[in-house]
Amino acid sequence: MNKAQREFDVVIVGAGFAGLYMLYRARELGLSTVVLEAGGGVGGTWYWNRYPGARCDVESMQYSYQFSDDLEQEWEWTERYAGQPEILRYLEHVADRFDLWPHIQLDTQVTEAMFEDGSGRWSVRTGQRDEFGAQFVIMATGCLSATNVPDFAGAETFRGRTYHTGRWPHEGVDFTGMRVGVIGTGSSGVQSIPVIAQQARDLVVFQRTATYSVPAHNGPLDQSEQTEIKAHYGAFRTANSRMLTAIGERRARTDLSALVVTAEERQAEYEARWRDGGLPFLGAFADLLVDPKANDTAAEFVREQIRAIVRDPRTAERLCPDQVIGCKRMCVDTNYYDTFNLPHVHLVDLRESPIEAITDSGIRTEGGHYELDAIVYATGFDAMTGALSRIDIRGRDGIALREAWAAGPRSYLGLGVAGFPNLFTITGPGSPSVLTNMIVSIEQHVEWIADCIAHLRDHGYEHIEPTADAQASWVEFVNQIADFTLFPTCNSWYLGANVPGKARVFMPYVGFPSYAEKCEEVAGRGYEGFVLEK
Ligand code: FAD
Ligand code: NAP
């Protein structure tokens, strides 16, 4: 039997960076609010991804909230790129500092969210059959929270231990003396492989697509650098938000094409950015993500670094990616390529010999059988839509979001969906989200949503929902911009290509500043493109 439904103004699903800040803002507006979180703690990504080597790849001084000056000033980051435990501690501190815990219900998986046409309110149900009624539902469910576990034949027969990087055991895993297989060489694989290699007796890396990775040059955060940034944190944040990716760079950006400078100038710029480390490598020239020839100059530079680092020429060639650099999200590593110089680390190229099956004792590819004690799935996520499509979300007339999005997600600004009144998605598809420093995108969305709800309340409106026309034009615009870039040229998770059967649609919007401006304009014109109802 269902328990009595509890009534709120707002139900927020998810207690990561997005859900915590949304709760803070909703409470400031005086809205009765509950956060429902599937995990046993707050932190989202940083609660679940406890694999060895997990850390941010946007620098700590940027990968943090900016909504509170006091929080910004008092928190001391210890490393250039904070590790998972430190980021989790930070988010737990945020929950403590702003007294958020009383409004958060943990271990609560939301399974259904239904808009009831009669009452005009949402009814949210959980795996424990709890029911919550609300005027607004805000999905802070994360772009990278629904794990992707490929359906390998025989997987259930494996007698060793199996892990997914995105669901890592809290007590940690000791691989000492074990034969370990890692499937996947995206960011999670690239971060975990060098650390697992330090413990494992034998490590076999199963690579389907070679990855471009730039060194992190991680280390203790220089105290003087931290003090200097804190002295003008606001200006630092503003400058970063003006970048396409909302990620600041240590080196001044030029608007030059990679093809107008001399080969020596180009090489010098790439070398300098390689020495700096991190994602801003791709900011070297303005046309790297729009012109294949320009792109290839950067790609070849990275391939040269790989050939210089990896001693065995065959392994080096297999590690050299051939897709457009930046088409799949760039990785940032500590000793990734170097790890393949260790005698007990082996690379299996799945393009030469695909996985046939997982057996009771290991992995069988077309080329042979690998005996293993443990398998690590570093196989990523059903990105951007996965967490939403795993909830049965129904809007007006019982229309299911899963059906509305069967041919790919359709959303206005990545914030709202036609037919789903008072449902907001933080960093939803059609917004810059995963192409940016996500904390900047999250804060921009949370503030827009909070202002929107305040506007509705102040003007006596009950409901808001995008028009089908505004949504259709936006989806078309997002695609036009993507088509102008090289992003659609490879099988990335941005396109849903990593999940068999998922519609192939480029999901994020390219360019934070123009997007933020558009959102402001929409709000300034009384929520143009939305229908507001009394
Ligand atoms: P999440 O942190 O994913 O939180 C969503 C929460 O919603 C989760 O706790 C989940 O359990 C909960 N949830 C989902 N569905 C339900 C449901 N049905 N019921 C109840 N609860 C639910 N981004 C960057 O910009 N820079 C980085 O350096 C960076 N590093 C990353 C490293 C890793 C390992 C990963 C996986 C991602 C990284 N990201 C990075 C992206 C990262 O996801 C975001 O930066 C940010 O943490 C997202 O916060 P969020 O609150 O939107 O989502
Ligand atoms: P990912 O980038 O999607 O990488 C998954 C890897 O698994 C890819 O190499 C993929 O190969 C492989 N794979 C998937 N299915 C497979 C199959 N059936 N057979 C063989 N190989 C398969 O996932 P991720 O590494 O977890 O990263 C996801 C995103 O999270 C990142 O892009 C980033 O945004 C974020 N992240 C950031 C960090 C960080 O450094 N701060 C760390 C982790 C994650 P293909 O490429 O061929 O599909």
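One can find the structure itself at the top, above this paragraph.
Note that the structure is predicted; figures quoted are calculated from it, not measured.

How each quantity is defined
- Residues numbered from 1 in each chain as written.
- Chains lettered and ligands numbered in written order.
- Predicted model: local features only at pLDDT ≥ 70, side-chain atom pairs only at ≥ 80, totals over all residues.
- Heavy atoms only, no water.
- Core = buried A, V, L, I, M, F, W, Y, C linked by side-chain atoms within 4.5 Å.
- Buried < 20%, exposed > 50% of the residue type's maximum accessible area, 1.4 Å probe, protein only.
- Contact = heavy atoms within 4.5 Å.
- Near = heavy atom within 4 Å.
- Polar contact = N/O pair within 3.5 Å; in protein donor to acceptor, adjacent residues only side chain to side chain.
- Areas by Shrake-Rupley, 256 points an atom, 1.4 Å probe, with all protein chains shown as cover.
- Helix = DSSP H or I, 4+ residues; strand = E, 2+ residues; numbered from the N terminus.
- Pairing = 2+ DSSP bridges.
- Axes fitted to C-alpha atoms, helices over the stretch in contact; angles between N-to-C directions.
- Parallel < 35°, antiparallel > 145°, perpendicular 65-115°, else oblique.
- Left-handed = near helix turned anticlockwise from the far one by under 90°.
- Salt bridge = Lys/Arg side-chain N within 4 Å of Asp/Glu carboxyl O.
- Expected span 1.5 Å × (residues − 1).

A.B. asks: Even after reading the chapter, I still don't get the nonpolar core, so can you show me in this structure?
C.D. replies: When a protein is soluble and globular, its nonpolar side chains tend to lie buried together. Membership of the largest hydrophobic core comes to 134 residues, with the highest contact counts inside it found for Phe17, Tyr65, Phe175, Leu203, Phe281 and Trp448. Those residues in contact with Phe17 that sit more than four places away from it in its chain are Trp46, Tyr63, Ser64, Tyr65, Ile87, Tyr90, Leu91, Ile439 and Ile442. Counting residues in hydrophobic clusters, the runner-up holds 22 residues, among them Phe8, Leu36, Val124 and Leu423.

A.B. asks: What is the right way to look at the site of ligand 2 in this model?
C.D. replies: In the vicinity of ligand 2 there are 24 residues, among which Arg55, Ser188, Arg208, Thr209 and Lys328 approach most closely. Between ligand 2 and the protein, one listed contact pairs an oxygen atom with a backbone N or O atom of Gly186 at 3.4 Å. Separating an oxygen atom of ligand 2 from a side-chain N or O atom of Arg208 is a distance of 2.8 Å. Its free accessible area being 900 Å², ligand 2 has 88% of it covered by the protein chains. With 3 residues, the single largest contributor to the shell around ligand 2 is helix H5 (residues 187-199).

A.B. asks: Help me understand the sheet that holds strand E9 (residues 202-207) in this model?
C.D. replies: Paired through their backbone hydrogen bonds, the strands of a sheet run either parallel or antiparallel. What the 5 strands build is an open sheet, ordered E7-E16-E8-E9-E12; its pairing is parallel. Here the strands that pair on one side only, and so sit at the sheet edges, are strand E7 (161-164) and strand E12 (345-349). Neighbouring strand axes in the sheet, compared pairwise and without regard to direction, differ in orientation by 20 degrees on average. Alignment of strand E8 (residues 179-183) against E9, held across 5 bridges, turns out to be parallel. Each residue of the ladder has a partner; that of Val182, found in E9, is Val205. Sheet strands in contact with H5 are E8, E9, E12 and strand E16 (374-377), and its direction is about 160 degrees off that of E9.

A.B. asks: Would you explain the packing of helix H8 (residues 263-276) against helix H9 (residues 292-309) in this entry?
C.D. replies: Across the interface, H8 lies against H9 with an axial gap of 11 Å and an inter-helix angle of 55 degrees. By the angle between their directions, the pair H8 and H9 is classed as oblique. Of the two possible hands of crossing, H8 and H9 adopt the one that is right-handed. Of the residues in H9, those in contact with Arg266, Gln267, Tyr270, Glu271 and Trp274 of H8 are Ala294, Thr297, Ala298, Phe301, Val302, Glu304 and Gln305.

A.B. asks: Hey, could you run me through the pattern of salt bridges in this one?
C.D. replies: Oppositely charged side chains are able to pair whenever their charged atoms sit close together. In total, this model carries 33 salt bridges according to the counting rule given. Taking the shortest distance from any N to any O, the salt bridge between Arg307 and Glu300 comes out at 3.0 Å.

A.B. asks: Help me out: how do you make sense of the pairing of strand E15 (residues 368-371) in this one?
C.D. replies: Successive side chains on a regular strand alternate, one facing one side of the sheet and the next facing the other. Note: strand E14 (residues 362-365) against E15, 4 bridges, orientation antiparallel. Counted as the bridge partner of Arg364 is His369 from E15. Hairpin remark: E14 followed by E15, antiparallel, with 2 residues in the connecting loop.

A.B. asks: Which parts of the structure should I look at to understand H8?
C.D. replies: The periodicity of an α-helix, 3.6 residues per turn, causes residues three or four places apart in sequence to face the same way. Taking 1.5 Å per residue as the helical rise, H8 with its 14 residues ought to reach 20 Å, and the 20 Å between its terminal C-alpha atoms agrees with that figure. Those residues of H8 that fall on the buried side of the exposure criterion are Arg266, Glu269, Tyr270, Ala272, Arg273, Trp274 and Asp276. Among the structural elements, strand E10 (213-215) and H9 are those in contact with the buried residues of H8. Directly beyond the C-terminal end of H8, a positive phi value near 85 degrees is found at Gly277.

Distances and angles like these do not, on their own, reveal function.
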